[in-house]
Amino acid sequence: MPKSFTNINKLIKFLKIDKKNQKKILLRSDFPLLLPYSLAKKIKKNDLTDPIFRQFVPLTDEILKKPGYIKDPLSEKKFKRSKLLKKYNSRALIITTNACLMHCRYCFRKHAEKFSNKNFDKEIGLIKKDKTITEIILSGGDPLTLSNNQIENLLKKLDKISHIKILRFHTRYVISDPKRIDQNFIKILKNIKKQIIFVFHINHPREIDSTLIKATQKLKKQNILLFNQSVLLKGVNDDFETLKNLNLKLIEIGIIPYYLHQLDKVEGSKHFEVPIKKGKELIKMLHENLSGYLIPKYVREIPNKKCKTLI
Ligand code: SF4
């Protein structure tokens with residue numbers, strides 16, 4: 001895995017944060033700092049408004065308790081059997097790992113139970129029994145933190161289940177380490193017969209660079225479908241120009257903008273909330289200025305609902 005900042009004081013020094021701005025940075029957190037160098041290098045020095053900075057550097061805003069902001073905002077515990085999560089008809093999600101390459105401060109799973117067991121026999125057994133499931137979502141954490149061997153074992157087992165038609169990866173890993181999509185990984189995917197889909201979690205156009213583009217092209221060549229979902233985040237992408245540029249850039253490289261998510265109200269994330277009224281205005285502006293295929297669906301997740309709710 002690439003080198004990362006885990007020590008906040010080293011990061012403060014690297015980003016040349018002055019004394020006044022340092023007061024706004026949280027020095028200790030239960031969800032620790034994890035920021036790869038490759039992303040830290042993209043941050044403007046001493047700029048607390050930088051969109052990459054805001055997504056990954058803990059601020060004192062996180063310790064403010066706000067009503068309605070809770071540890072498990074989507075009530076996932078209720079829907080979980082072992083590492084398998086089944087909330088919606090026809091789909092099931094495997095929490096393949098807790099590990100991520102970076103810690104995003106708004107993550108709705110940041111308080112989720114930790115585990116190290118990478119054996120998925122129990123989950124495979126549950127999937128085999130439930131013939132209504134046609135699609136498996138590989139989530140986490142980030143599934144690309146698993147080794148190629150671990151991914152191959154899991155994919156091969158899923159590939160053998162006849163009622164499963166689609167295997168979908170959800171990942172943010174590539175915004176920091178696109179070289180993870182190496183030849184061995186591609187070879188593994190090539191040998192899978194089911195349709196594979198990648199949903200990237202890219203929030204800002206500055207997360208896209210030439211190495212990421214190369215990685216996505218390798219996936220495209222394998223007939224893998226590529227989508228993106230973003231979270232609407234205050235101070236990161238809650239303006240028309242950023243969303244327009246993000247979606248244009250995605251389409252240019254063959255990734256379909258799929259969802260724009262309203263923030264899930266996880267404890268410590270209130271400072272990222274964008275009012276729904278503003279979100280709707282942004283979507284309206286996108287509609288008025290761009291082709292329909294460039295506009296993601298603006299959705300929110302409401303616990304116990306059978307699908308995402310269109311806003
Ligand atoms: S990469 Fe995804 S799962 Fe990991 S911290 Fe970020 S949002 Fe959460």
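Okay, so let's go over this structure.

Quick notes on the rules
- Residues numbered from 1 in each chain as written.
- Predicted model: local features only at pLDDT ≥ 70, side-chain atom pairs only at ≥ 80, totals over all residues.
- Heavy atoms only, no water.
- Near = heavy atom within 4 Å.
- Nonpolar A, V, L, I, M, F, W, Y, C, P; charged D, E, K, R; others polar.
- 1 Å grid on protein atoms, 1.4 Å probe; cavity = no way out; pocket = protein on both sides within 12 Å on 5 of 7 lines; lining within 4 Å.
- Points joined across faces, edges and corners; volume = space filled by probe spheres on them.
- Helix = DSSP H or I, 4+ residues; strand = E, 2+ residues; numbered from the N terminus.
- Pairing = 2+ DSSP bridges.
- Contact = heavy atoms within 4.5 Å.
- Axes fitted to C-alpha atoms, helices over the stretch in contact; angles between N-to-C directions.
- Core = buried A, V, L, I, M, F, W, Y, C linked by side-chain atoms within 4.5 Å.
- Buried < 20%, exposed > 50% of the residue type's maximum accessible area, 1.4 Å probe, protein only.
- Domains from an automatic or database assignment.
- Salt bridge = Lys/Arg side-chain N within 4 Å of Asp/Glu carboxyl O.
- Phe/Tyr/Trp six-rings, centres within 6.5 Å; stacked < 30°, edge-to-face > 60°.
- Lys NZ or Arg CZ within 6 Å of the ring centre and 35° of its normal.

**A look at the site of the ligand**
Alright, step 1. Around the ligand, the neighbouring residues are Cys100, Met102, Cys104, Cys107, Gly141 and Arg172.
Alright, step 2. When its residues are assigned to classes, the shell around the ligand shows 4 nonpolar, 1 polar and 1 charged.

**Here we look at empty space enclosed by the protein**
Alright, step 1. Tallying each qualifying case throughout the model produces 2 cavities of 30 Å³ or more.
Alright, step 2. When its volume is computed, the largest cavity comes out at roughly 50 Å³.
Alright, step 3. Here the residues of the lining of the largest cavity sort into 5 nonpolar, 1 polar and 3 charged.
Alright, step 4. Within this model, the second largest cavity holds a volume of roughly 40 Å³.
Alright, step 5. Considering every element that reaches the lining of the second largest cavity, the biggest residue donor is helix α7 (residues 148-159), with 3 residues.

**So, the sheet that holds strand β6 (residues 135-139)**
Alright, step 1. Spatial strand order, β3-β4-β5-β6-β7-β8-β9-β10-β11-β12: 10 strands in an open sheet with mixed pairing. Lying at the two open borders of the sheet, with one neighbouring strand each, are β3 (80-81) and β12 (309-310).
Alright, step 2. Sheet topology places β6 next to strand β7 (residues 166-171); 4 bridges connect them, and they run parallel. Counted as the bridge partner of Ile136 is Leu167 from β7.
Alright, step 3. Helix-sheet contacts for helix α10 (residues 240-252) involve β9 (225-231) and β10 (256-261), and the interaxial angle to β10 is about 145°.

**Digging into the nonpolar core**
Alright, step 1. One finds Leu35, Ile136, Leu158, Phe169 and Phe198 to be the most contacted residues of the largest nonpolar core, which totals 71 residues.
Alright, step 2. Two domains each donate at least three residues to this core, and these are domain 1 (4-63) and domain 2 (76-310).
Alright, step 3. With residues near it in sequence (within four places) discarded, Phe198 still touches Leu144, Phe169, Thr171, Phe185, Leu189, Leu219, Ile224, Leu225, Leu226 and Phe227.
Alright, step 4. Counting residues in each nonpolar core, the second largest holds 12 residues, with Leu232, Leu243, Leu286 and Ile295 among its members.

**Digging into the pattern of salt bridges**
Alright, step 1. Here the structure, examined in full by the defined rule, presents 21 salt bridges.
Alright, step 2. The partner of Lys87 in a salt bridge is Glu76, with the nearest N and O atoms 3.6 Å apart. Of this pair, Lys87 sits in the loop between β4 (84-85) and β5 (91-95) while Glu76 sits in helix α5 (residues 76-79); the two residues are 11 residues apart in sequence, bridging distant segments of the chain.
Alright, step 3. The exposure class of Glu76 is buried, given its relative accessible area of 7%.
Alright, step 4. Two residues, Lys284 and Glu288, come together in a salt bridge whose shortest N-O distance is 3.0 Å. Residue Lys284 and its partner Glu288 are both found in helix α11 (residues 276-289); the two are separated by 4 residues, about one turn of the helix.
Alright, step 5. When salt bridges with common partners are traced through the structure, they connect Glu76, Lys87, Arg109, Glu301 and Lys308 into a single cluster.

**Structural notes on the packing of aromatic side chains**
Alright, step 1. In total, this model carries 9 aromatic pairs according to the counting rule given.
Alright, step 2. Plain terms: the ring middles of Phe185 and Phe198 are 6.3 Å apart, the flat faces sit at 90° to each other, and that makes the pair edge-to-face. Placement of Phe185 in helix α8 (residues 183-190) and of Phe198 in strand β8 (residues 195-200) is noted, with a sequence separation of 13 residues between them.
Alright, step 3. Among the residues examined, Phe198 registers a relative accessible area of 0% and is labelled buried.
Alright, step 4. Judged by centre distance (5.9 Å) and plane angle (35°), the ring pair of Phe198 and Phe200 falls under tilted.
Alright, step 5. Judged by relative accessible area, Phe200 falls into the buried class, the value being 1%.
Alright, step 6. Linked through ring pairs, Phe169, Phe185, Phe198 and Phe200 together constitute an aromatic cluster.
Alright, step 7. Over the aromatic face of Phe185 sits the side chain of Arg180, whose NZ or CZ is 5.0 Å from the ring centroid.

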